[in-house]
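Topology and contacts: notes
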Amino acid sequence: MKTFFMNWRVRTRALCAVAAAALVSCSSMSQAEPDYDIIGKQFSLVLQNGHFSRARFTQEMYQRFLDCYVQTLDTQHLFLTQQDVDYLRQRYAGSFGDYLLANQTTRLAEELYAYFSARALPRIAQAEKMLQEYAGKMPAFETDRMVPRSRRKLPRAKDTAELDQVWRDQVEDMILTEVLRRENLEKLAEAKGKESPVAKEMPVTDKMLARIKRMRNEIQEADREDMVSYLLNAVAHVYDPHSDYMGAREEQRFKDMIKASIVGIGAKLQSDDDGSTTIEGIVKGGPAARCGQLQLGDHIVAVASQGDDNWTDVMFLSIDKVVDLIRGQKGVPVKLRVQSADSGEEKVVTIVRDEIPMSEELASGRIIDMRQGDRTYRLGVLTLPSFYIDLDSGEVHCAADVKKILRRMIQEKVEGIVLDLRFNGGGSLDEVRKMVGFFTGAGPVVQVKDSRAHVERLTVSGRPLFTGELVVIINKLSASASEIFAGAMADYGRAVIVGDEASFGKGTVQVPRGLADYLPYFTSREGSGMIKVTTQKFYRVGGASTQLKGVASDIVLPTVTAGLRIGEGEQDYAMPYDEIPRAGGYVKSSRIARILPELMARSNARVNADKDMQYTREDIARARERHEKNAVSLNKAVRAAENAQLLERKKTIDAERKVRYEKMAADDARQLTIYRLKLTDVNAPSLPIASQDDDDEYMDENKHLEDELTETPEYPSKLDPVLRESLHIVRDMIDMP
């Protein structure tokens, strides 16, 4: 059976380095290098024949391949001038795809990357020289110059002279930003009567030099797999943003992410300014914790991936490369050379790799007794970070996990549920199909159209599992499978959708295919990687696509993501929106439409009276203004005044929140009882009372004084404003006929 995936890259980008690069995972990999020339050719054939568009390689597409490649490597237009791009177009644009089809992928990948490196490395050296000069004498920062916050959509510098000025501006902005950060921390520390963390930091220019050195190393450390991946992904992304080539390392990360379980040492890693890799978190009960020799804040400086004495220096190495070095097989040891956070002394730590469930990425729930007058409402919160599945063993299924939680909620006589899909970037199509049926019962779930315009209705059978009231929370990073679920709930009139104005807007389906299956018989298949190709578009049962437009919320709430410019419409080469006829076989309930005006009126009244919602609205307006302006001053007095205004606003808000949150917490203690319902609790005789420390059960994390100085008072009961308002909405639904 084919496994279809709605999206994983959106979620990975949303979480950044929190999961994919932070927890060290492993797999068994061959050291023999694959034949990338044959891989490139077969990749090109599979892409042309398998993609939804079935577009053939053309001279026009060759031009796009090159432009996409250049933009991928130089997203902020810092390394290549327009003259450079014009040369590359003249040299390669007319024959880009021919290289791939003629078994010359490696040659093209290496030539293009060599050209990029030859332009990028001197720019980095130029930045280092400027920083060294500024170490003796800082800029005055009295200029009226402005620099862009983002150069992604700006024209490239026309020549080297113009790019020289771009780098001068970049370096001065780096320094000024760091100087102001330190001054702000000193003010916060003084106001709170605490020791300033600034005194323990390296000099400003040294810190910037370390960052630049890491940037140079990341360019220099690219191996052939990286170079080929940059090239083939540029080709895939011209077809659409979600078709990908994954080399062996990226393929394993994909499998780890989609199954919410990894094999590793159980440590959260972070690049440190001194060039080392810092232990920022240790999974409780994991291999690193059981070893007992690693401490939070320890610095990894070298790795012996085979558990022998063959050490690799990891100073200034990218997190991904450090992760790859620590990879290996379950049950096999890895050695780490570590500098102690306490004494600075060096030690060697040996850890045996093991399976680690990423429990914070699994479905979880809470049951909340909400008392209002003489009435107690029993409500459920179900949080689903992704529609995960284990590609290899098939033993992990999010639908099965959700069913366990739902059954316990039903057993506990929950009247209404808030299903939280914020930041859920997608996952398995089959898992979301099953989940829709838990709430709608038998009927069509989603329609999929292939490249031949054949439309198939995907259905589910059986009776609904939960028939109570339902609210679904989405935001701009709810994508793909999340949009199928939210769209089905809306089309059936089964739930009220709340959150951002609309979800991400990804309406395409990808199939992962191992390229080993397409290689000639006598070709080595080890490490050949995978192509994830868009084969279908999906449509709601009402006929509308979610592509570009997403799923609209019935009740729009101020959210932290509302001011961000993210979504399918922001992607290059996004596929268009279209519609197909509605599916037969489903009946839309009219109840939501009937009660929605009253729900909106009640919600608007609460939101307008909620101070946190008003603060968020101000933040949204400020974020949108910053994006439109896309410029920041290099004048220290101007920037300092802006920062002082922000700090004063934060100080005022924090003071107001501290008083208000204390009252809210007292009210919650009287009005709310919150029970924990994780997967480990579903069969417990009685559910435990939720604790403020529940989120800390999975991992011990490093505490930084800087974080303490800038920390906002914790929101009461761990019910953020959007979730709290969603609970009020589902309570209103229970009260309405």
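**Re the overall build of the chain**
Across its full length, the chain carries 20 helices and 23 strands. Taken along its principal axes, the extent of the C-alpha atoms in the chain is 70 × 70 × 55 Å. Out of the 737 residues in the chain, the part that is buried amounts to 55%. Once local pairs closer than 6 in sequence are excluded, the contacts in the chain between residues at least 24 apart make up 79%. Put simply, the chain shows about 31,600 Å² of open surface, and 50% of that area lies on carbon and sulfur atoms.

**A few points about the packing of aromatic side chains**
Using the criterion set out here, one finds 15 aromatic pairs in the structure. With a centroid separation of 5.2 Å and 70° between ring planes, the pair formed by phenylalanine 57 and phenylalanine 65 is classed as edge-to-face. This pair shows no difference in class: phenylalanine 57 is buried, exactly as phenylalanine 65 is. The structure contains a cluster of three or more aromatic residues connected by ring pairs, namely Phe79, Tyr113, Phe116, Trp167 and Tyr230.

**Re the packing of helix α17 (residues 611–629) against helix α18 (residues 636–671)**
Closest axis-to-axis distance for the α17/α18 pair is 11 Å, and the angle between their directions is 160°. When the axes of α17 and α18 are compared, the pair comes out roughly antiparallel. Here α17 runs over α18; the crossing is left-handed. The segment α17 lies against α18, with Lys611, Asp612, Tyr615, Glu618, Asp619 and Arg622 engaging Leu646, Arg649, Ile653, Glu656, Arg657, Arg660 and Tyr661. Tallied by class, residues from the contact of α17 with α18 come to four nonpolar, no polar and nine charged.

**Considering the sheet that holds strand β12 (residues 375–383)**
Strand order in the open sheet made by the seven strands is β20-β17-β16-β13-β12-β11-β22, with mixed pairing throughout. The sheet terminates laterally at β20 (555–556) and β22 (672–677), the two strands that pair on one side only. As judged from the five bridges shared by β12 and strand β13 (residues 416–420), these two strands associate in the parallel manner. Within β13, the position partnered with leucine 379 by the bridge is glycine 416.

**Quick word on the pairing of strand β15 (residues 455–460)**
For strand β14 (residues 443–449) and β15, the ladder comprises six bridges, and the chain directions are antiparallel. Paired with valine 446 across the bridge in β15 is leucine 458. If you look at the hairpin formed by β14 and β15, you'll find five residues sitting between the two strands, and alanine 453 has a positive phi there, around 70°.

**A closer look at the environment of glutamate 412**
Within the secondary structure layout, glutamate 412 lies in the loop between α13 (398–411) and β13. Residues glutamate 412 and isoleucine 367 lie 45 residues apart in sequence; the distance between their C-alpha atoms is 8.4 Å.

**A look at empty space enclosed by the protein**
Under the counting rule described, the total for this entry stands at two cavities of 30 Å³ or more. Its boundaries defined by the atoms lining it, the second largest cavity holds a volume of some 30 Å³. Contributing to the lining of the second largest cavity are Tyr69, Val70, Leu73, Leu80, Leu88, Leu112 and Phe116. Only α3 (59–73) and α6 (105–136) provide two or more residues apiece to the lining of the second largest cavity. No other element matches the three residues that α3 contributes to the lining of the second largest cavity.

**Section: the packing of helix α7 (residues 160–192) against α18**
Two elements in contact, α7 and α18, have axes separated by 11 Å at closest approach and are oriented at 40°. In terms of orientation, α7 and α18 fall into the oblique class. The chirality of how α7 crosses α18 is right-handed. Taking contact as the criterion, the partners of Asp173, Leu176, Thr177, Val179, Leu180, Glu183, Asn184 and Leu188 in α7 are, on α18, Lys636, Arg639, Ala640, Asn643 and Leu647. Looking at the contact of α7 with α18 residue by residue, the classes come out as six nonpolar, three polar and four charged.

**What to know about unusual backbone geometry**
Despite not being glycine, arginine 54 shows a phi value in the positive range, around 50°. With respect to the secondary-structure elements, arginine 54 resides in the loop between α2 (36–50) and α3. Positioned with a positive phi, phenylalanine 423 is a non-glycine residue whose angle comes to about 65°. Within the secondary structure, phenylalanine 423 sits in the loop between β13 and α14 (429–440). Assessed through its relative accessible area of 34%, phenylalanine 423 is described here as partly exposed.

**Examining the side chain of arginine 408**
Along the chain, arginine 408 falls in helix α13. Only 2.7 Å separates the side chain of arginine 408 from the backbone oxygen of alanine 684, close enough to count as a polar contact. For arginine 408, the contacting residues outside a window of four places in its chain are Leu677, Asp681, Val682, Asn683, Ala684, Pro685, Ser686 and Leu687.

**Description of the side chain of asparagine 424**
Among the structural elements, asparagine 424 can be located in the loop between β13 and α14. Since its relative accessible area comes to 0%, asparagine 424 is described here as buried. Looking at asparagine 424, its side chain comes within polar contact range of the main-chain oxygen of leucine 384, at 2.7 Å. If near-sequence neighbours (up to four positions away) are discounted, asparagine 424 is found in contact with Leu384, Pro385, Ser386, Phe387, Leu477, Ser478, Ala479 and Ser482.

Each value, and the rule that gives it
- Per chain, the residues get numbers from 1 upward, laid out in the order the sequence is written.
- Totals for whole chains, interfaces and linings use all residues, but because this is a predicted model, local features are given only for residues with pLDDT of at least 70 and pairs of side-chain atoms are given and counted only at 80 or more.
- The side-chain numbers reported here are obtained from all heavy atoms of the structure, hydrogens and water having been left aside.
- The helix count covers DSSP runs of H or I at least four residues long, the strand count covers runs of E at least two residues long, and both are numbered beginning at the N terminus.
- Exposure is judged per residue with a 1.4 Å probe applied to protein chains only, and the accessible area is read against the type maximum: over 50% gives exposed, under 20% gives buried, and values in between give partly exposed.
- Contact criterion: two residues are considered in contact whenever any of their non-hydrogen atoms come within 4.5 Å of each other.
- Accessible surface is estimated by sampling points in the Shrake-Rupley manner with a 1.4 Å probe; for residues, cover comes only from the protein chains shown.
- Ring pairs shown here join Phe, Tyr and Trp side chains whose ring centres sit within 6.5 Å, with only the six-membered ring taken for Trp; geometry is labelled stacked below 30 degrees between planes, edge-to-face above 60, and tilted in between.
- To get an axis, a line is fitted to the C-alpha atoms, and for a helix only the part in contact is used. The angle between two axes follows their N-to-C directions and goes from 0 to 180 degrees.
- Oblique is the label for every angle not falling under 35 degrees (roughly parallel), over 145 degrees (roughly antiparallel), or within 65 to 115 degrees (roughly perpendicular).
- Each crossing is labelled by how the near helix is turned from the far one, with a counterclockwise turn of less than a right angle marking it left-handed and a clockwise turn marking it right-handed.
- Under the scheme applied here, ten amino acids are nonpolar (Ala, Val, Leu, Ile, Met, Phe, Trp, Tyr, Cys and Pro), four are charged (Asp, Glu, Lys and Arg), and all others, including Gly, are polar.
- We treat two strands as partners when DSSP finds at least two bridges between them.
- Each cavity reported here is a set of points on a 1 Å grid over the protein atoms alone in which a 1.4 Å probe fits but cannot get out, each pocket an open set with protein on both sides within 12 Å along at least five of seven lines, and each lining residue one with an atom within 4 Å of a point.
- Grid points are joined across faces, edges and corners, and a volume is the space filled by probe spheres set on the points.
- Polar contact criterion, stated in full: a pair of N or O atoms within 3.5 Å, where within protein one must be able to donate a hydrogen and the other to accept it, and residues adjacent in sequence count only if both atoms are side-chain atoms.

Purely spatial values, then, with no claim about function.
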